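Now for the letters of each chain:
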Amino acid sequence: MKTSQKSIAIAAGTILFLLYLSAIFAPWVAPYSYLSQNRGFPDEPPTSVHFTIHKNGTTEFVRPYIYNYVLSDIHSETYRELKDKRYPIEFLTHGKLFYVQGAPIHVLGTDALGRDYFSRLVYGGRISLFIGLIGVGISFGIGIIVGTLSGYIGGIMDTAIMRLTEVIMSLPTFYLLLTLAVVIPAGVSSATTFMLIIVILSFIGWAGFARVIRGMVLSLKERDFVNASRAYGDSTWGIIRKQLVPNLLSYTIVSITLSIPGYIISESALSMLGLGIREPDVSWGNMLSEATNVEALTTRPWMLSSGICIIVTILCLNIIGDYLRATIDPHIH
Amino acid sequence: MSLIRIQDLKVYYTGHGLFRKQSVTKAVDGVSLFVNDHETLGLVGESGSGKSTLGRAALLLIKPTAGSILFDGVDIVNAAVHKNRPAMKKFRREAQIVFQDPYGSLNPRMKVGKIIADPLRVHGVRGRKVLKEKALRLLELVGLPASAYDTYPYAFSGGQRQRISIARALSIGPRFIVADEPVSSLDISIQAQLLNLFKEIQEKEGVSYLFISHDLRTVAFIAHRVAVMYLGRIMELAQTKELITGPLHPYTKLLLSSIPSKDRRTTDQKEQANGHEHGCVFYPRCGLAKDICMDISPDLKEVSPGHSVACHLY
Ligand SMILES: Nc1ncnc2c1ncn2[C@@H]1O[C@H](COP(=O)(O)OP(=O)(O)O)[C@@H](O)[C@H]1O
Ligand code: SF4
Ligand SMILES: [Mg+2]
């Protein structure tokens, strides 16, 4: 393993860690609530942060500050800085990461309803990032239990489970989800929709993993360390827990890392189509749906930041997964 | 009374050919033998003769097709079928195994200390300190440093791994150990050390061995009595010295004459299937065969006290 690969993986891990941290501590990281609207300030561009002041022809560095903005033309949504008063940015006060007294700060601008885009991005990460974790938690939990039992005990149960997984795997997941999402009544809250999406994805997702685990168990159970345990009379459960599962773990960790992106993408795709997380609740997917017209993209490119977050997250997970796969078993083979 | 007595044991493997009809491999076909307390019975034969199958079936790691196994007077095949827990628990504590492959027989994800102590845990020994103490004593017994306790198996050579396997087998104080070619995959110099360790342990702990090897010299060095196996059957069984100095069976003579030999011949069940289903299994390779050998399989008969042979010549 080259050192460069290691440092890339560490960088990816750090980015992911920060993303998850900011999602967890969203109320502290985001300057505003993801709900609070300011209709007088729609589609405001990112607030400029200034570090210098010009006095008598010299430039002086001061602590970062911003100006207040006014909407100078309603139709073209043009904004202008009011340079009469400077508002310094304060850090780690008022229970926030950063805070400006007296003027609004929108580091990524506002949306059409005047909601702070950055705050929405931070809160949106909660759903987009955790849908993957909860999803793999459920599907890998089921997968490892079913796959291990199926492989170790065998017999009719094994045959039945394998047929079931084949049926599940032949389902066209995305179309099934689309159908289900349409069927879910409109009155159902976003939280419920969210849970339904996860549960449905997980109950489809376990099958492929269970089959791989079963295959590994079939080969593991022929190994003589398992036979030795049988010879001293360990129980089926004891053998599964002590001899089999630890040998399945490295594969599991790698494939968990590599399957989280699938959940994130599914959520984004559904939410983008308006079938997942719905307004006013927020996820990266439904934020991205607002950025789906050329006019928005050309005049307000910062609206793409949710898409960038999705891409960065998936990229980081893939880098880490590949790195783990290459390094997790240095001394076993 | 013998510690373990195997009677007319049969283990058949059924293969499911894709295009052929079901094929049956008679890996063990009517074997009877016994091992006494503090005794080593050697089991020798070319690769493929069914030694491992016999050894594993003796510990019920493979389900016998037919026959009985009496351990300390109790029929454990029956006990297993009828889920007689106390009898099985005693059997699982008193009969252990050491395998041939030093790499496959240790869990790569478990530290050596845990590997050795696990049988104790399974049999109800509790307490970290007690377990660790016992594991350290076992490491010393098999000649490994105490530092092995906290190490994963990858750090050890083949010979050291076999010592770990021996320690694991010994941990719960067994009376009977099946040693299935435990030295065959090791260098000659290390083989000798391990064979001596097996002997030493027998003197100290008083265990019995069913010691399996394809190498007659290895078996002759360690065993009190030797059984010669060929294609699922016992060809000859005698005191070691008697077998070496006065072999009766043509197959035993062949094994003795081929010492030392690198190119062991591997026997195959197909030879047996080649139209000799009724006769002596050794018939296709026997230079002394008579007419009767082709049709009638010879029984294992005692020709002198403690010396049995399965051959129509005797
Ligand atoms: N799991 C199995 N399934 C089918 N056939 C087997 C199996 N294990 C062993 N055999 C066959 O049984 C015969 C005896 O094998 P084995 O007991 O391993 O012999 P040995 O230990 O003397 O080399 C061989 O013909 C082998 O191919
Ligand atoms: S029975 Fe016949 S074929 Fe078999 S070993 Fe004896 S002489 Fe040879
Ligand atoms: Mg063998």
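Residues numbered from 1 in each chain as written. Chains lettered and ligands numbered in written order. Predicted model: local features only at pLDDT ≥ 70, side-chain atom pairs only at ≥ 80, totals over all residues. Heavy atoms only, no water.

1. Describing the overall build of chain A
Using the following cut-off: In DSSP terms, a helix is any run of H or I states spanning at least four residues, a strand is any run of E spanning at least two, and both are numbered starting from the N terminus. Within these notes, the globule rule equals 2.2 Å times the number of residues to the 0.38 power, and the radius of gyration is based on C-alpha atoms. Contacts are assigned to residue pairs with any non-hydrogen atoms lying within 4.5 Å of each other. Only the protein chains shown count as covering a residue, and every accessible area follows the Shrake-Rupley method with a 1.4 Å probe. Positive charge is attributed to Lys and Arg, negative charge to Asp and Glu, and no charge count is given to His or to the chain ends. Charge coordinates come from a single atom per side chain, which is NZ of Lys, CZ of Arg, CG of Asp or CD of Glu.
The number of helices and strands found in chain A is eleven helices and four strands. Compactness check: chain A gives a C-alpha radius of gyration of 25 Å against a globular reference of 20 Å for 333 residues, more than 25% above the reference. Long-range contacts, defined as pairs at least 24 residues apart, comprise 69% of the intrachain contacts of chain A with a sequence gap of at least 6. In the structure as shown, chain A presents an accessible area of about 16,100 Å², 68% of it carried by carbon and sulfur atoms. Side chains of chain A carry 24 positive and 22 negative charges; the gap between the two charge centres is 7 Å.

2. Side note on the site of ligand 2
Residue and element names in this part refer to chain B. We count it as follows: Only heavy atoms are used to decide nearness, and a residue is near a molecule or strand if one of them lies within 4 Å of it. Method remark: on a 1 Å grid restricted to protein atoms, a set of points is classed as a cavity if a 1.4 Å probe fits but cannot get out and as a pocket if it is open with protein on both sides within 12 Å along at least five of seven lines; lining residues have an atom within 4 Å of a point. Being in a pocket or cavity means that more than half of the molecule's atoms lie within 2 Å of its grid points. Gly is placed with the polar residues, together with every amino acid not listed as nonpolar (Ala, Val, Leu, Ile, Met, Phe, Trp, Tyr, Cys and Pro) or charged (Asp, Glu, Lys and Arg).
Lining the immediate environment of ligand 2, one finds 13 residues, of which Cys280, Cys286, Cys293, Cys311 and His312 sit closest. Judged by the proximity of its atoms to the pocket grid, ligand 2 belongs to the largest cavity. Class assignment for the residues of the shell around ligand 2 results in eleven nonpolar, two polar and no charged.

3. Remarks on the sheet that holds strand E1 (residues 50-55) of chain A
All names here are of chain A. For clarity, the threshold we go by: Strand pairing follows a simple DSSP-based rule, namely that at least 2 bridges must link the two strands. All axes here are fitted lines through C-alpha atoms, helices being fitted over the stretch that makes contact, and every angle between N-to-C directions spans 0 to 180 degrees.
Strand order across the open sheet formed by four strands is E1-E2-E3-E4, with antiparallel pairing between neighbours. In this open sheet, the two edge strands, each paired with only one partner strand, are E1 and strand E4 (98-100). Each strand axis lies, on average, 60° off the axis of its neighbour in the sheet, ignoring direction. Of the pairings in the sheet, the one linking strand E3 (residues 78-91) to E4 comprises three bridges and is antiparallel in character. Paired with Ile89 across the bridge in E4 is Val100.

4. Considerations on unusual backbone geometry
Backbone phi values are negative for most residues with the exception of glycine, while trans is the configuration of most peptide bonds. Across the junction of A:Glu279 and A:Pro280, the peptide omega takes the value 5°, indicating a cis bond. Its place among the elements puts A:Pro280 in the loop between helix H8 (236-272) and helix H9 (284-289). Of note in this structure, B:Asp72 is not a glycine but carries a positive phi near 50°. Within the fold, B:Asp72 resides in the loop between strand E4 (66-71) and strand E5 (74-75). With phi around 50°, B:Lys83 is a residue other than glycine that occupies positive phi space. Structurally, B:Lys83 can be placed in the loop between helix H2 (76-81) and helix H3 (85-94).

5. Thoughts on the pattern of salt bridges
Residue and element names in this part refer to chain A. Put simply, the rule reads: For salt bridges, the criterion is a side-chain nitrogen of Lys or Arg within 4 Å of an Asp or Glu carboxyl oxygen. Here's how the labels work: a residue is buried when its accessible area is under 20% of the maximum for its type, exposed when over 50%, partly exposed in between, all with a 1.4 Å probe on protein chains only.
Scanning all chains against the criterion turns up 23 salt bridges over all chains. The residue Arg115 makes a salt bridge to Asp111 at a minimum N-O spacing of 2.9 Å. Overall, the relative accessible area of 3% leaves Arg115 in the buried class. For Asp111, a relative accessible area of 2% translates into the label buried.

6. Re helix H1 (residues 3-24) of chain A
Residue and element names in this part refer to chain A. Keep this limit in mind: Expected span, for any helix, means 1.5 Å times one less than how many residues it has. What the arc measures is the spread of directions leading from the helix axis to the C-beta atoms.
Taking 1.5 Å as the rise per residue, H1 with 22 residues should run 32 Å; its terminal C-alpha atoms sit 31 Å apart, in good agreement. Turning to H1, its buried residues are Ala9, Ala12, Leu16, Leu19, Tyr20, Ser22 and Ala23. End-on, the buried residues of H1 take up no more than an arc of 165°, which puts them together on one face. Residues of H1 that are exposed and point more than 90 degrees away from the buried face comprise Thr3, Ile10, Phe17 and Leu18.

7. Overview of the packing of helix H4 (residues 112-122) of chain B against helix H6 (residues 158-170) of chain B
All names here are of chain B. We count it as follows: Note on terminology: angles under 35 degrees are roughly parallel, angles over 145 are roughly antiparallel, angles of 65 to 115 are roughly perpendicular, and the others are oblique.
It is the contact of H4 with H6, at a shortest axis distance of 7 Å, that shows an interaxial angle of 30°. By the angle between their axes, H4 is roughly parallel relative to H6. Residues Val112, Ile115, Ile116 and Pro119 of H4 form the contact with H6, whose participating residues are Ile164, Ala167 and Arg168.

8. What to know about the site of ligand 1
Residue and element names in this part refer to chain B. The criterion, for reference: The definition of a polar contact used here is a pair of N or O atoms within 3.5 Å, where within protein one atom must be able to donate a hydrogen and the other to accept one, and adjacent residues in sequence count solely through side-chain atom pairs.
Contacts to ligand 1 come from twelve residues, most closely from Gly48, Gly50, Lys51, Ser52 and Thr53. Within the backbone of Gly48, a nitrogen or oxygen atom sits 2.6 Å from an oxygen atom of ligand 1. At a separation of 2.4 Å, an oxygen atom of ligand 1 approaches a polar side-chain atom of Thr53. Relative to its unbound accessible area of 560 Å², ligand 1 is 60% covered by the protein chains. Contributing elements (two or more residues each) for the shell around ligand 1: strand E2 (23-35) and helix H1 (51-58). Of the residues assigned to the shell around ligand 1, the class counts are two nonpolar, eight polar and two charged.

9. Comments concerning the side chain of B:Ser2
All names here are of chain B. Note that Ser2 resides in the segment before strand E1 (4-15). Within the structure, the side chain of Ser2 is placed 3.3 Å from the side chain of Arg5, a separation counted as a polar contact. Here Asn36 takes part through its side chain, which lies 3.3 Å from a polar atom of the side chain of Ser2. Ignoring anything within four residues of it in the chain, the contact list for Ser2 reads Phe34, Val35 and Asn36.

10. Brief notes about the interface of chain B and chain A
The parts lose accessible area when they come together, and the size of an interface is often stated as this lost area. Quick note on the threshold: Note on terms: buried area is the combined drop in 1.4 Å-probe accessible area of two parts once they are placed together, counting the loss on both.
At the interface, 23 residues of chain B touch 19 residues of chain A. It is B:Leu61, B:Pro108 and B:Arg109 in chain B that bury the most area against chain A; as a group they hold 29% of the surface buried on that side. Counting across the chain B and chain A interface gives two salt bridges. B:Asp118 serves as the salt-bridge partner of A:Lys242, at 2.8 Å between the closest nitrogen and oxygen.

11. Some thoughts on the confidence of the model for chain B
Residues and elements named next belong to chain B. This is how it is decided: Per-residue confidence from the predictor is given as pLDDT, running between 0 and 100.
Confidence along chain B averages 91 in pLDDT terms, with 92% of residues attaining 70 or more. Confidence drops under pLDDT 50 across residues 260-264; counting only partners more than four residues distant or on other chains, this segment forms three contacts. Two summary scores accompany this predicted model of the complex, namely pTM at 0.82 and ipTM at 0.92.

12. Observations concerning the layout of surface pockets
We count it as follows: Grid points are joined across faces, edges and corners, and a volume is the space filled by probe spheres set on the points.
Here the largest pocket defines a volume of roughly 1,200 Å³. Lining the largest pocket are 27 residues, with A:Arg230, A:Asp234, B:Leu60, B:Met88 and B:Arg92 sitting closest to its centre. Only helix H3 (117-153), helix H7 (224-231) and H8 of chain A together with H2 and H3 of chain B provide two or more residues apiece to the lining of the largest pocket. The element best represented in the lining of the largest pocket is H3(B), accounting for four residues. For the lining of the largest pocket, the class distribution of residues is eleven nonpolar, six polar and ten charged.

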